[in-house]
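Structural overview
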Amino acid sequence: MSSDEKPAPAPRSLAEALRARDDASLAALLRSRPDLITPVPTDLTQLATRAGTRASVVRALERLDRFALQTAEALAVAGDPATYAELLGLMAGDAGDPAVAAALPRAVATLREQALVWGGDDRLRLVRTARELLAPSPQHPSPTGLGPTVQEATAGMSPGRIQEILTTAGLPSTHDSVSAVAALTALFTDRERMATLLAEVPADSLDVLERLLWGPPYGQVTADPAPRLRLLLDRGLLLPTAPGTVVLPREVALHLRAGRAHRAPEPLPPAVEAAATHRPQVVDATAAGQAYTALATVEELLKDWDEGGPNVLRAGGLSVRDLKRTAVALDVSEPVAAFWVELAYAAGLLASDGEADERYAATPAYDEWLDRPPAERWAQLAEAWVTGTRTPGLVGGRDAKDRTLSALGPGLDRSAAPEVRHRVLTLLAGLPEGAAPSAESVLARLRWERPLRGPQRDQEHDLRSRLAQWTLSEAEQLGVTGRGALCAHGRALLGAPPAPASARPVPAQPAAGRKTPAQEAPPVGRGGPGDKLPVHRHHPSAALSDPLAAREPLSPAEQATAAAAAARLLAPLLPAPLDHVLLQADLTAVAPGPLQRPLAEMLGVLADVESKGGATVYRFTPASVRRALDAGRTAADLHAFLAEHSRTPVPQPLAYLIDDVARRHGHLRVGAASAYVRCDDDALLNEILADKRSAGLRLRRLAPTLLATQADPATLLEGLRAMGYAPAAESAEGDVLITRADSYRTPPRTAPEPVPEGPPAPDATLLSAAIRAIRAGDLASTAPRKPAADPVAGGELPRTGAAETLATVQAAVLTGEALWIGYVNAEGAASQRVIAPIRVEGGFVTAYDHTADEVRTYPLHRITGVAELADEGS
């Protein structure tokens with residue numbers, strides 16, 4: 001700065017401080033506090049006012065890390081304004097602390113960027129609302145443990161009593177209470193004089209001060225205090241605040257604390273410690289195995305609900321009984337079953353059918369999902385898990401009205417879930433490859449990064465801690481982590497940089513005809529098409545020690561790109577699907593690995609799954625063979641299918657089973673009478689009528705080959721099958737009805753949208769437009785104007801006659817100058833604007849409106865008046 005340039009004046013308000021910011025700084029403020037932009041403020045004064053409202057300040061304080069919050073708490077007990085040196089003294093103490101001194105500039109910069117602090121280092125001011133929230137009071141003790149100042153504590157004390165304290169403390173009396181309080185404050189803030197005063201205090205009295213030193217600073221005394229308390233009261237080291245209550249003055253406490261506002265400042269976040277370390281290849285292989293298991297579990301769940309799943313409760317959700325049945329079917333615990341059900345719902349694969357008798361079933365999107373490659377199917381599930389606000393861990397708990405929270409029901413959305421999941425995975429990505437963290441260190445780190453305040457602190461901390469624990473467990477089940485460590489495709493899902501090539505696992509040799517990873521797609525981040533990683537935005541309170549701490553949750557487009565990259569890394573690690581099974585003489589088939597989809601679907605109809613694991617065992621039964629015949633297959637089709645896909649000869653017992661069931665299948669025909677049984681063999685019908693088990697069906701003969709009943713066809717089919725027969729349903733034309741297990745789907749349903757807390761973070765386009773509008777509005781409200789010739793008393797808008805308005809506007813068109821106008825719209829709302837007139841015709845003026853940042857047309861009769869703007873520098 002040259003010698004003739006004057007330094008910029010110190011801002012006198014938050015609005016002036018915001019006015020001095022550049023667009024990048026304003027964008028950072030609006031991005032970190034999106035509530036300030038809803039709706040867009042008209043100018044910077046309104047932005048500053050909104051930034052100081054209680055709700056907005058509380059929300060901003062809750063998003064500070066522990067050290068930034070400690071800094072704000074220290075400013076709340078410092079002078080107003082405070083210097084940076086005073087703040088450093090409160091944070092580091094008289095002895096100093098290099099770690100605190102190094103971290104304090106970042107904390108102050110965070111508070112400034114969040115518009116919680118404004119002013120230069122010589123005049124730091126905490127916004128008034130934040131000071132009211134953080135300053136000590138009897139109703140709301142400060143986290144610092146400090147009490148009121150001497151001036152605040154003696155506000156209701158009699159002048160005579162104040163003078164007595166002065167005399168006892170060895171100070172000369174004064175003529176008024178104000179100077180007496182100032183003298184006492186000066187004594188307590190003078191380190192040498194205060195040390196001399198405390199040297200005369202007995203040890204038992206100092207013990208009383210020690211008990212109140214770190215808070216709470218209030219204590220109870222009797223009407224006749226003990227001598228050790230009386231001594232402290234006489235010297236002002238304790239001051240009465242109410243009958244029977246005394247307080248340790250802030251200045252005294254700070255002296256005894258050696259100047260520190262906090263007992264234990266925490267300038268650095270606690271490190272995330274590794275509990276175990278595994279080879280990266282083992283981690284990736286384990287996670288890939290879990291990913292495959294996740295796909296198989298979701299398929300099994302929805303296959304079980306193919307013909308319509310459980311009923312929807314009247315209040316919404318899945319009943320406890322149905323959740324237990326699902327858990328038994330999946331062979332998992334109920335909390336794990338709730339996770340898989342909620343994951344399928346979040347991915348849009350499961351929904352209610354919307355019928356009168358509402359039930360859950362797979363959606364049409366499930367069929368599309370099945371047709372995709374396994375790695376892409378996993379990526380869809382993982383993306384839904386990372387971004388969703390549904391929280392399966394809450395299932396079985398109670399809501400605010402003491403109602404049970406059910407799976408797929410209302411009340412499971414928690415807006416903090418995506419943020420906590422992303423942050424936990426980011427912390428895992430910051431560890432060395434293959435390192436699995438200890439859960440305790442992860443929770444400690446999260447508590448440092450978000451030390452919530454207020455009466456809900458414990459409850460919210462408990463929720464965030466549980467969310468973190470659920471994240472670690474769910475990530476392992478889903479295959480995002482392996483053995484507790486973040487895997488390569490989990491890192492890509494997060495959008496983190498890939499591991500070095502030397503540390504990547506080498507996949508097994510691919511099967512014939514299968515592409516290697518290099519042939520299929522280049523690794524993420526190594527120059528392959530579409531491998532550009534998302535750009536991560538910086539959060540000021542997250543500029544911590546690990547390089548990934550500045551990452552925020554990804555935008556939807558970025559998350560989709562990251563999920564695609566994760567799928568490419570996972571694909572070569574998944575086992576290749578097989579086209580064969582091993583048939584055995586005990587009517588079982590062994591699938592030594594995952595099967596190709598057509599083979600798996602057909603085998604799932606023809607046989608029942610008996611056991612799972614590394615290999616799946618299927619068992620053939622008369623019912624399962626009949627199921628395949630009901631689906632339209634013939635005995636010849638089944639023999640050909642087994643011969644084609646078995647690596648072992650088809651056992652004779654299995655061939656006999658198929659032929660035997662096929663011989664009897666369809667011999668009986670069931671249709672609608674209400675229902676009838678038709679058969680060419682009247683002896684077989686006589687056998688059915690003679691069977692005692694058919695009594696409940698109430699069959700009667702209408703003809704030698706025809707039986708009728710009032711039961712519906714479905715009931716009749718089930719009854720005959722229970723008796724050991726193999727009836728087939730037929731249509732009104734007499735054709736056999738073919739039934740398929742996957743015939744029922746819900747109408748098209750979209751995946752549930754996440755439920756965010758508060759307004760969403762603005763994108764770059766909205767930020768740019770909002771900043772232009774705020775700047776333009778600020779220009780209109782603060783532009784200097786020439787004084788009017790005949791000002792209207794008390795009027796804020798310019799007032800001129802119609803002729804003068806027209807003449808001034810026409811002159812501005814010729815000179816190109818900007819004008820300040822008052823304008824009243826059709827609804828009667830008045831506003832002031834800065835315009836640059838372009839033309840005047842037909843009673844309208846067309847001008848560039850600096851306030852709206854666009855060209856607009858205004859009727860001249862709605863302009864209350866015009867005024868010229870003052871020349872720059874005048």
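Definitions and cut-offs
- Residues numbered from 1 in each chain as written.
- Predicted model: local features only at pLDDT ≥ 70, side-chain atom pairs only at ≥ 80, totals over all residues.
- Heavy atoms only, no water.
- Helix = DSSP H or I, 4+ residues; strand = E, 2+ residues; numbered from the N terminus.
- Buried < 20%, exposed > 50% of the residue type's maximum accessible area, 1.4 Å probe, protein only.
- Contact = heavy atoms within 4.5 Å.
- Areas by Shrake-Rupley, 256 points an atom, 1.4 Å probe, with all protein chains shown as cover.
- Core = buried A, V, L, I, M, F, W, Y, C linked by side-chain atoms within 4.5 Å.
- Phe/Tyr/Trp six-rings, centres within 6.5 Å; stacked < 30°, edge-to-face > 60°.
- Lys NZ or Arg CZ within 6 Å of the ring centre and 35° of its normal.
- Pairing = 2+ DSSP bridges.
- Axes fitted to C-alpha atoms, helices over the stretch in contact; angles between N-to-C directions.
- Salt bridge = Lys/Arg side-chain N within 4 Å of Asp/Glu carboxyl O.
- pLDDT = per-residue confidence, 0-100.
- Parallel < 35°, antiparallel > 145°, perpendicular 65-115°, else oblique.
- Nonpolar A, V, L, I, M, F, W, Y, C, P; charged D, E, K, R; others polar.
- Patch = residues over 30% accessible without salt bridge, like charges linked within 9 Å, V, L, I, M, F, W, Y side chains within 5 Å.
- Lys, Arg positive; Asp, Glu negative; His and termini not counted.
- Charge placed at Lys NZ, Arg CZ, Asp CG, Glu CD.
- Arc of directions from axis to C-beta.

Some details on the overall build of the protein
Helices and strands together make up the secondary structure of the protein, namely 34 helices and 25 strands. In the protein, which comprises 874 residues, the share counted as buried stands at 47%. Contacts in the protein between residues at least 24 apart in sequence constitute 66% of all its contacts with a sequence separation of at least 6. Of the roughly 41900 Å² of accessible surface on the protein, a fraction of 54% belongs to carbon and sulfur atoms.

With respect to the nonpolar core
One finds Phe188, Leu237 and Leu238 to be the most contacted residues of the largest nonpolar core, which totals 92 residues. At eight residues, the largest contribution of residues to this core is made by helix 5 (residues 66–77). Look past the residues within four positions of Leu237 in its chain and what remains in contact with it is Phe188, Met194, Leu197, Leu198, Val201, Leu209, Leu232, Val247, Leu248, Pro249 and Val252.

A short note on the side chain of His645
Note on placement: His645 falls in helix 29 (residues 635–645). Residues in contact with His645, not counting those within four places in the same chain, are Asp579, His580, Val581 and Leu599.

Brief notes about the packing of aromatic side chains
Following the criterion strictly, the structure yields three aromatic pairs and no others. A centroid spacing of 4.9 Å and a plane angle of 55 degrees characterise the contact between Phe339 and Trp340, whose relative ring orientation is tilted. Judged by relative accessible area, Phe339 falls into the buried class, the value being 3%. Where Tyr366 meets Trp369, the ring centres are 6.0 Å apart and the plane angle is 25 degrees; that geometry is what we call stacked. With Tyr366 and Trp369 both in helix 19 (residues 364–370), this residue pair falls three residues apart, about one helical turn. Overall, Trp369 belongs to the buried group, its relative accessible area being 1%. The ring of Trp369 has Arg377 sitting right over it, with the charged end atom 5.2 Å from the ring centre.

Looking at the environment of Ala130
If you trace the backbone, Ala130 turns up in helix 8 (residues 128–134). Among the residues examined, Ala130 registers a relative accessible area of 0% and is labelled buried.

Some thoughts on the sheet that holds strand 5 (residues 245–247)
The strand order across the open sheet formed by three strands is 3-5-4, and the pairing between neighbours is antiparallel. Each edge of the sheet is formed by a strand with only one pairing partner; in this case those strands are strand 3 (218–220) and strand 4 (239–242). Here the strands of the sheet are splayed against their neighbours by 40 degrees on average, with no regard to which way each runs. Judged from the three bridges that link them, strand 4 and strand 5 form a sheet pairing that is antiparallel. When the bridges of strand 5 are listed, Leu239 appears paired with Val247.

Some remarks on the pattern of salt bridges
Taken as a whole, this structure holds 34 salt bridges when the rule is applied. The partner of Glu299 in a salt bridge is Arg377, with the nearest N and O atoms 2.6 Å apart. Note that Glu299 is positioned in helix 16 (residues 280–304) and Arg377 in helix 20 (residues 374–387), a separation of 78 residues in sequence. The exposure classification of Glu299 matches that of Arg377, with both residues buried. Ionic pairing is found between Arg403 and Asp399, a salt bridge with its closest N-O pair at 3.0 Å. One continuous salt-bridge network, built from bridges that share partners, spans Arg161, Glu164, Arg230 and Asp234.

Structural notes on the confidence of the model for the protein
Taken over all residues, the pLDDT of the protein has a mean of 83, while the share at 70 or more is 87%. Counting interchain partners and residues more than four positions distant, the pLDDT-below-50 stretch residues 455–460 has two contacts.

Section: the sheet that holds strand 21 (residues 819–824)
The five strands lie next to each other as 24-23-22-21-25, forming an open sheet whose pairing is antiparallel. At either margin of the open sheet sits one strand with a lone partner, and together these are strand 24 (854–859) and strand 25 (863–868). Adjacent strand axes in the sheet meet at a mean angle of 45 degrees when their direction is disregarded. When strand 21 meets strand 22 (residues 830–841), the two strands line up antiparallel, connected through six bridges. When the sheet's bridge partners are listed, Tyr823 is paired in strand 22 with Ser831.

What about the packing of helix 13 (residues 203–213) against helix 14 (residues 227–234)?
When two helices pack together, you describe them by how their axes are tilted relative to each other and by the distance separating the axes. At their nearest, the axes of helix 13 and helix 14 sit 8 Å apart, and the two run at 70 degrees to each other. When the interaxial angle is binned, helix 13 and helix 14 end up roughly perpendicular. Residue-level inspection shows Asp204, Ser205, Val208, Leu209 and Arg211 of helix 13 in contact with helix 14, the latter providing Arg228, Leu229, Leu231 and Leu232. Taken together, the residues of the contact of helix 13 with helix 14 break down into five nonpolar, one polar and three charged.

Digging into a negative patch on the surface
Taken together, the side chains of Asp680, Asp681, Asp682 and Glu687 define an acidic patch exposed on the protein surface. Considering the arrangement of structural elements, one finds Asp681 in the loop between strand 17 (675–678) and helix 31 (682–690).

Looking at the pairing of strand 19 (residues 706–709)
Of the strand pairs in this sheet, strand 17 and strand 19 are connected by four bridges, and their pairing is antiparallel. Across the sheet, the residue bridging to Tyr676 is Ala708, located in strand 19. Bridge count between strand 18 (residues 700–703) and strand 19: three bridges; the pairing is antiparallel. Its bridge partner lying in strand 19, Arg700 is registered against Ala708.

Quick look at the packing of helix 17 (residues 320–330) against helix 18 (residues 334–346)
Remark: helix 17 packs on helix 18, axes separated minimally by 9 Å, with the N-to-C direction vectors making an angle of 95 degrees. In terms of their interaxial angle, helix 17 and helix 18 are classed as roughly perpendicular. When helix 17 is examined against helix 18, the residues Leu323, Lys324, Thr326 and Ala327 are found in contact with a partner set consisting of Glu334, Ala337, Ala338 and Val341.

Re the environment of Pro243
Relative to the elements of secondary structure, Pro243 occurs in the loop between strand 4 and strand 5. Residues Pro243 and Ala223, spaced 20 residues apart in sequence, show a C-alpha to C-alpha distance of 8.1 Å.

Section: helix 17
Asp322, Leu323, Thr326, Ala327 and Leu330 are the residues of helix 17 that are buried. One side of helix 17 holds all its buried residues, which, seen down the axis, span an arc of 140 degrees. Those residues of helix 17 that are exposed and aimed more than 90 degrees away from the buried face are Val320, Arg321, Arg325 and Val328. At its buried positions, helix 17 is contacted by helix 16 and helix 18.

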